[in-house]
Amino acid sequence: AYGSLISATDPVSVIAIFKEIHAEKNLFSIIFGESIFNDAVTIVMYQTVILSMNNVGLAPLTNLVMSCASFMLIFLGSFAIGVAVSFFTAYILKKYHPVIKEDDPKKINRTEIGIMCISPIASYLIAQGVSLSGIVSILFCGFLLSQYAAENLSLRSRKILKMLYQTSAYICESTVFLFLGMSSVEFYIAYKRAGAPLILGNILIVLVARYFNVGINSFICNFGRKKTPLDGKKQFVAWYSGLRGTIAYILALQCSKDFAGGNGDIIILITIVFALFTLVVQATVLSPILDLCDVKDKPELEGACPPELEETGCCEDMKAAYAYFDKFYLKRYFTCLLYTSDAADEGLGVDFCGLRLIKKK
């Protein structure tokens, strides 16, 4: 249980610094993507571990198979609910979009904003109601809402929603960090039970484990990244950027309840100590380390193809196939925008693939 919860990284501080120094886009995407995917997998893995504890009477192989099946069911089920709610919301806003200029703009803004705020909550409640992961569901729902539903909003609504989401995220993140600091002085009994060797050893083991994790995965990824490989500097930045925060702390609190009377208080203690270590020690010197590693985004020559688009291989073919499907099918049916290859359209910009973006009639 502890191994699953401590693997969740917190990108808030890292992403903020990356934006400030204009870090390389490719590395920015890797760090952000790792955090999002880790959060989803961590939550489902923790739930799977807790469910497997109820099957202690089964044979080890049977328990393993049931745990894997439970993991896939929770993850895919939560993912499906988030996708369904987001596409349903996008479709409603698409049908609602043509009347934007006909009614009162303030009324339209309130309705659009209300739909965009209620949809993620609905996704969470539905997933929790069927014993799946509400957090995973709301995570993918929010991602797809930004990709499709946001395209159907008026410009005014987008600005209001952006400010609303950013403010809410800042308040929630600050509240979690506040409780994280307050909790660090409440577990004095657990301090005596755990001892300094366990606390310090946990920090060392988790850092070493992440080092090997980043190294092995980078080695595998580099087989398909001939033009933009993950060199030593990028791997070091990826390893050092593994700060812990919200998800790890929340699951540790849940762990103290699931293992009440056992080692739950010790798990939350070592989680809090490690999270504070990453936030106080690592995050403090993160900015100068990024400067030393020289991971700032390099200016591209006008008309040059981005390096990541020059890659060839199975992964790139899959990306291209999804991009085509997204532009000509998903965007067509769930947004108010339509892509066409007609180069004779006037007054419309051309993207990298030579496709023109026009308003659907």
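About the criteria used
Residues numbered from 1 in each chain as written. Predicted model: local features only at pLDDT ≥ 70, side-chain atom pairs only at ≥ 80, totals over all residues. Heavy atoms only, no water. Helix = DSSP H or I, 4+ residues; strand = E, 2+ residues; numbered from the N terminus. Buried < 20%, exposed > 50% of the residue type's maximum accessible area, 1.4 Å probe, protein only. Contact = heavy atoms within 4.5 Å. Areas by Shrake-Rupley, 256 points an atom, 1.4 Å probe, with all protein chains shown as cover. Polar contact = N/O pair within 3.5 Å; in protein donor to acceptor, adjacent residues only side chain to side chain. Core = buried A, V, L, I, M, F, W, Y, C linked by side-chain atoms within 4.5 Å. Axes fitted to C-alpha atoms, helices over the stretch in contact; angles between N-to-C directions. Parallel < 35°, antiparallel > 145°, perpendicular 65-115°, else oblique. Nonpolar A, V, L, I, M, F, W, Y, C, P; charged D, E, K, R; others polar. Phe/Tyr/Trp six-rings, centres within 6.5 Å; stacked < 30°, edge-to-face > 60°.

Participant: Can you help me understand the overall build of the protein in this one?
Facilitator: Along its length, the protein carries 13 helices and two strands. A total of 361 residues make up the protein; the buried ones form 40% of that total. At a minimum sequence separation of 6, the contacts of the protein that also span at least 24 residues come to 75%. Accessible area of the protein: about 20,600 Å², with a carbon and sulfur share of 69%.

Participant: Help me understand the side chain of Ser157, please; the structure alone is not making it clear to me.
Facilitator: Looking at the secondary structure, you find Ser157 in helix α7 (residues 155-183). Look at Ser157 and you get buried, because its relative accessible area is 0%. A polar contact is formed between the side chain of Ser157 and the side chain of Ser154, at a distance of 3.0 Å. Discounting residues that sit within four places of it in the chain, Ser157 has contacts with Asn109, Glu112 and Ile113.

Participant: Quick question: what am I supposed to make of the nonpolar core here?
Facilitator: Generally speaking, a soluble globular protein has its nonpolar side chains buried in company with each other. Within the largest apolar cluster, 72 residues are counted, with the highest numbers of intra-cluster contacts made by Tyr2, Leu5, Phe18, Met116, Val237 and Leu290. The greatest single-element share of this core, amounting to ten residues, is contributed by helix α11 (residues 264-282).

Participant: Looking at this structure, how should I read the packing of helix α3 (residues 25-52) against helix α10 (residues 246-258)?
Facilitator: Here α3 crosses α10 at 10°, and the two axes come no closer than 11 Å. Viewed along their axes, α3 and α10 adopt a mutual orientation that is roughly parallel. The residues of α10 that touch α3, namely those facing Asp39, Thr42, Ile43, Tyr46 and Ile50, are Ile247, Leu251, Gln254, Cys255 and Asp258. When grouped by side-chain class, the residues that make up the contact of α3 with α10 number six nonpolar, two polar and two charged.

Participant: I would appreciate a short explanation of the packing of aromatic side chains in the present structure.
Facilitator: The relation between two aromatic rings is expressed through the spacing of the ring centres and the mutual angle of the planes. Taken as a whole and judged by the stated rule, the model has 13 aromatic pairs. Relative to Phe140, the ring of Phe75 has its centre 6.0 Å away and its plane inclined at 90°; by these criteria the two rings are edge-to-face. Residue Phe75 is located in helix α4 (residues 60-96), and its partner Phe140 is located in helix α6 (residues 134-147); the two are separated by 65 residues in the primary sequence. Judged by its relative accessible area of 17%, Phe140 falls in the buried class. Among the aromatic residues, those joined into a cluster by ring pairs are Tyr211, Phe212, Phe236, Trp239 and Tyr240.

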